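# Tertiary structure, described
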Amino acid sequence: MAAEKIWKLALAGFGSVGRGLVELLHENRGRLEGRFGFRAQVCLIASRSHGTALMPSGLSLGEVLRTFAETGRLGTACKAEDTRAPFEELLARSGAEVLIEATPTNLNGGEPGLSHIRCALEHGLHVVTSNKAPIALAYDELNRLARERGVRLLFEGTVQGGTPLLAMAREGLAGCAIEGVQGILNASTNYVLTEMEKGRTYEDACAEARSAGVLEEDPTLDVEGWDAAVKLVILAHALFDANMRVEDVDREGITRVTPEMIRDAKERGERIKLLAELKREGSALRASVRPMSLPLSNPIAALDGTENIVTLYADPLGPVTLRGSGGGGRETAQGILADLLSIARYAQCETRETRG
Ligand code: HSE
């Protein structure tokens, strides 16, 4: 397929997800162009911890990755301009058409991601994000803004890492009525529970989840069930058009799960899992996250390590289950990449329609 266009991208955040995306764009550029007709230039990378790299004609991604590996910074060997300029100014100078927002989730107000996304949408940029907070806290506002400006706001990487739950619901299950959701949405707590079953302590298991790159910067988000609750809120918006808030989720994390409880469950032929559920009750949608002891016959109980599993109850199909990676830098970056390709595909269709 011939590439017709070069997409200009700006990236906010250069943690494991941002770096993962740059790696995927760099390593796979031949396949992305040859198979998907997708060519991209990253014109801006802005990171609070690692500096800023700005080049409107496109950064050399190989150089960015090399420089980062050697110095832990973005802005030394690559052409860095004024790193102190406000994000809005950097974004405008970059000439980007798509903002990729990959800063960490901050449930206390959603910043800086929320302002980044607002700014990009107001200026008519498409937005792809893996940052859960802005979507969970301000979905209605951001979605309205995107519609008003005629751009897309996609967030596959926010739920189940790069495993395409949202795309499956949006595209593959288009026309179905989604009646409910049940699954394991948090990778790190599933990892911790799995390791505790092997006799590891809670603390050791948490430390390992951090090195696997799935624990949030603030681990209480994971172990107290906030992360799974936020993902349920995102699903409530995306799949049910329900205006749910994080406080509406009946939430309990894994901090009160003891090795004895895990052992007792094992003796009963069960496993303790942090179960996330959305259920219709009359006209209401109820959300809960809580540790549940599940029989081994339940496929959710079979899940080990950092995978996620989600069953969507979709009329007329019945249960449709998607199991796969639930986090990690490159895996989540794959969700961002899929969203970018979706934007490029839609734009191509629109161009064809306009040309008539
Ligand atoms: N902390 C999250 C988890 C990362 O453990 O699932 C992926 O969203």
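Residues numbered from 1 in each chain as written. Predicted model: local features only at pLDDT ≥ 70, side-chain atom pairs only at ≥ 80, totals over all residues. Heavy atoms only, no water.

With that settled, the discussion passes to the site of the ligand. The environment of the ligand is formed by Lys 132, Leu 185, Asn 186, Ala 187, Ser 188, Val 214, Glu 216, Asp 222, Asp 227, Lys 231 and Gly 326. Within the side chain of Ser 188, a nitrogen or oxygen atom sits 2.6 Å from an oxygen atom of the ligand. For the ligand, the accessible surface in isolation is 260 Å², of which the surrounding protein chains cover 92%. Most atoms of the ligand, that is more than half of them, are within 2 Å of grid points of the largest pocket. Partitioning the shell around the ligand into residue classes produces three nonpolar, three polar and five charged. (Near = heavy atom within 4 Å. Polar contact = N/O pair within 3.5 Å; in protein donor to acceptor, adjacent residues only side chain to side chain. Areas by Shrake-Rupley, 256 points an atom, 1.4 Å probe, with all protein chains shown as cover. 1 Å grid on protein atoms, 1.4 Å probe; cavity = no way out; pocket = protein on both sides within 12 Å on 5 of 7 lines; lining within 4 Å. Sits in = over half its atoms within 2 Å of the grid points. Nonpolar A, V, L, I, M, F, W, Y, C, P; charged D, E, K, R; others polar.)

With that settled, consider the pattern of salt bridges. Oppositely charged side chains are able to pair whenever their charged atoms sit close together. On inspection of all chains with the given rule, the structure shows 24 salt bridges. For Arg 280, the salt bridge is made with Glu 179, and the minimal N-O distance between the two is 4.0 Å. One end of the pair, Arg 280, is in strand β9 (residues 270-281); the other, Glu 179, is in strand β7 (residues 177-184), and 101 residues separate them in sequence. Because the salt bridges share partners, they merge into one network encompassing Lys 132, Glu 216, Asp 227 and Lys 231. (Salt bridge = Lys/Arg side-chain N within 4 Å of Asp/Glu carboxyl O. Helix = DSSP H or I, 4+ residues; strand = E, 2+ residues; numbered from the N terminus.)

Counted by the stated rule, this structure contains two aromatic pairs. Relative to Phe 68, the ring of Phe 14 has its centre 5.1 Å away and its plane inclined at 85°; by these criteria the two rings are edge-to-face. Linking Phe 14 in the loop between β1 (6-12) and α1 (16-27) with Phe 68 in helix α3 (residues 61-71), this pair joins segments that are 54 residues apart in sequence. According to the relative accessible area criterion, Phe 14 is buried, its value standing at 2%. You can call Phe 68 buried: its relative accessible area is 16%. Relative to Phe 155, the ring of Tyr 139 lies with its centre 5.8 Å away and its plane at 80°, an arrangement referred to as edge-to-face. (Phe/Tyr/Trp six-rings, centres within 6.5 Å; stacked < 30°, edge-to-face > 60°. Buried < 20%, exposed > 50% of the residue type's maximum accessible area, 1.4 Å probe, protein only.)

What follows concerns the pairing of strand β4 (residues 98-101). Neither face of β4 is exposed, since Val 98 and Ile 100 on one face and Leu 99 and Glu 101 on the opposite face are all buried. By the bridge criterion, four bridges tie β1 to β4 in an arrangement that is parallel. Paired with Ala 12 across the bridge in β4 is Glu 101. Bridge count for β4 against strand β5 (residues 126-129) is four bridges, and the pairing is parallel. (Pairing = 2+ DSSP bridges.)

What follows concerns α1. Under the 1.5 Å per step criterion, the end-to-end length of α1 is 16 Å for twelve residues, consistent within 8% with the ideal 16 Å. Taken residue by residue, α1 has Val 17, Gly 18, Gly 20, Leu 21, Val 22, Leu 24 and Leu 25 as its buried positions. Each element contacted by the buried residues of α1 is listed here: β1, α2 (29-36), β2 (39-47), α3, β4 and α13 (329-355). (Expected span 1.5 Å × (residues − 1). Contact = heavy atoms within 4.5 Å.)

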